[in-house]
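# A structural walkthrough
Each chain is listed here by its residues.
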Amino acid sequence: MEDMIVVQGLSQFYGKKQALRDVTLTVEKGMFGLLGRNGAGKTTLMRTLAALLPVARGSVAVCGVSAGETGKIRRMIGYLPQDFSMYPSMTVEGALDYLGILSDVPKETRRKRIPELLERVNLTEQRGKRIKALSGGMKRRLGIAQALLHEPPVLIVDEPTAGLDPEERVRFRNLLCETAEDRIVILSTHIVGDVEAACSNAAILDEGRLIWNGSVESLLKAAEGRVFSCTVPRKELPLLQEHYIVTEISARGSESDVRLLAPEGMAVPAQARAAEPSAEDAYLYCLCRCGGER
């Protein structure tokens, strides 16, 4: 229990609206992906794990510590929210030092840890640069540095690659993977490719409910035989989209190459051929199978 997060029957509310519905989940050391569309409840779950929201119903334990012990939990968790920001006129190094003071990190520890973290997130050359001059990717990497400053056993990152260019996304994912070698890292996102590339295990939330929990490999296997590809005249696309969940369209002159999902029991177009599921196909199929899509 010391190296895992255990969530049992967790329900959370915002007034009369229920944001999480009886979520039961175990997260072990390494990279764990939390998938779901906007509004699925991912951020509510992350904030609950980080002891920023009290538990309304159910229980949460982080490395053996109950969520009710908020002080202990917050010292154990590094949290990078989706909207991480700092005073724009601060320098990178100054911001880390300031955040270290707020986290009660001793001066000598800060003096040693800050240069190490800047090197680790590849921001050493930007240490004297003001935050307002940083790119989006640099700000995300600064966010990781501040989250790791007090050496927490758990790191939670909420939508960290949204808006980043492909090269910066890959760099950021690699940084998270390196970080996960000796701690629990939860990657909350709606970008399926990030989870496929970085995580062995994942969970899917939809409308506050946990509809999948297992390995990424088993998620792919669950969609085998339900993904198809075909080439159709472009004028037939609207009809196809009425009956199937179309996951990809590639135009080729007057025709289009299409990937689609056909849940069990649904007839498949005569010209369609079976295709190997991608993680995005499998994710959408899971939503479809559980009623989250048409």
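Description of the structure in this document. (Residues numbered from 1 in each chain as written. Predicted model: local features only at pLDDT ≥ 70, side-chain atom pairs only at ≥ 80, totals over all residues. Heavy atoms only, no water.)

### Quick notes on the nonpolar core
Note the cut-off: For the purposes of this section, nonpolar cores are sets of buried Ala, Val, Leu, Ile, Met, Phe, Trp, Tyr and Cys residues that join through side-chain atoms within 4.5 Å. When a residue's accessible area, from a 1.4 Å probe over protein chains only, is under 20% of the maximum for its type it is buried; when over 50% it is exposed; and in between it is partly exposed. Under the DSSP-based scheme used, a helix requires at least four consecutive residues in state H or I and a strand at least two consecutive residues in state E, with every element numbered from the N terminus.
M31, I144, L155, L176 and I204 are the most contacted members of the largest nonpolar core, which has 54 residues in total. A per-element tally of this core places helix α10 (residues 279-289) first, with eight residues.

### Quick look at the sheet that holds strand β3 (residues 30-35)
Test applied: Here the rule is simple: two strands pair whenever DSSP picks up at least two bridges between them. Geometry is summarised by axes, namely lines fitted to C-alpha atoms with helices restricted to the contacting stretch, and by angles between N-to-C directions that run from 0 to 180 degrees. Only heavy atoms matter for contacts: two residues are in contact if any of them lie within 4.5 Å across the pair.
Read from one edge of the open sheet, six strands run β6-β7-β8-β3-β9-β10, paired in mixed fashion. Two strands lie at the open edges of the sheet, namely β6 (77-80) and β10 (209-215), each paired on one side alone. Neighbour-to-neighbour, the strand axes of the sheet open up by a mean angle of 15°, direction not taken into account. Bridge count for β3 against strand β8 (residues 184-189) is six bridges, and the pairing is parallel. Each bridged residue has a counterpart across the sheet, and for G30 the counterpart in β8 is I184. Relative to β8, helix α1 (residues 42-49) is tilted by about 155°, and along the sheet it contacts β3, β6, β7 (154-158), β8 and β9 (201-206).

### Comments concerning the side chain of Q126
Within the secondary structure, Q126 is located in the loop between α4 (107-120) and α5 (136-148). Assessed through its relative accessible area of 13%, Q126 is described here as buried. If near-sequence neighbours (up to four positions away) are discounted, Q126 is found in contact with V92, L134 and M138.

### Let's talk about the sheet that holds strand β11 (residues 227-233)
Strand order in the open sheet formed by four strands is β12-β13-β11-β14, and the pairing between neighbours is antiparallel. The sheet is open, and its two edges are formed by β12 (245-252) and β14 (273-274), each paired on a single side. In this structure, β12 lies alongside strand β13 (residues 255-261), joined through seven bridges in antiparallel fashion. Bridge pairing links I249 to V258 in β13.

### Section: the pattern of salt bridges
Note the following rule: When a carboxyl oxygen of Asp or Glu lies within 4 Å of a side-chain nitrogen of Lys or Arg, that pair is called a salt bridge.
Here the structure, examined in full by the defined rule, presents 17 salt bridges. Between R110 and D97 there is a salt bridge, with its nearest N and O atoms 2.8 Å apart. Here D97 lies in helix α3 (residues 92-102) and R110 lies in helix α4, a separation of 13 residues in the sequence. Judged by its relative accessible area of 10%, R110 falls in the buried class. With a relative accessible area of 28%, D97 lands in the partly exposed category.

### Observations regarding the packing of α3 against α5
To keep it simple, the criterion reads: What sets the label is the angle itself: under 35 degrees gives roughly parallel, over 145 gives roughly antiparallel, 65 to 115 gives roughly perpendicular, and the rest give oblique. Crossing chirality is assigned from the near helix's rotation relative to the far helix, an anticlockwise turn below a right angle marking it left-handed and a clockwise turn marking it right-handed. Each residue receives one of three labels: charged for Asp, Glu, Lys and Arg, nonpolar for Ala, Val, Leu, Ile, Met, Phe, Trp, Tyr, Cys and Pro, and polar for the others, Gly being one of them.
With their axes 10 Å apart at the nearest point, α3 and α5 run at an angle of 30° to one another. It follows that α3 is roughly parallel to α5 by the angle criterion. Pair α3 / α5 crosses with right-handed handedness. Here α3 contributes V92, L96 and L99 to the contact with α5, which in turn contributes L142, A145 and Q146. Split by residue class, the contact of α3 with α5 holds five nonpolar, one polar and no charged.

### Considerations on unusual backbone geometry
For E159, which is not glycine, the phi torsion reads 50° and is therefore positive. Position of E159 among the secondary structure elements: in the loop between β7 and α6 (166-179). On the accessibility criterion, E159 (4% relative accessible area) is buried. For E207, which is not a glycine, the phi torsion comes out positive at approximately 50°. A relative accessible area of 57% places E207 in the exposed class.

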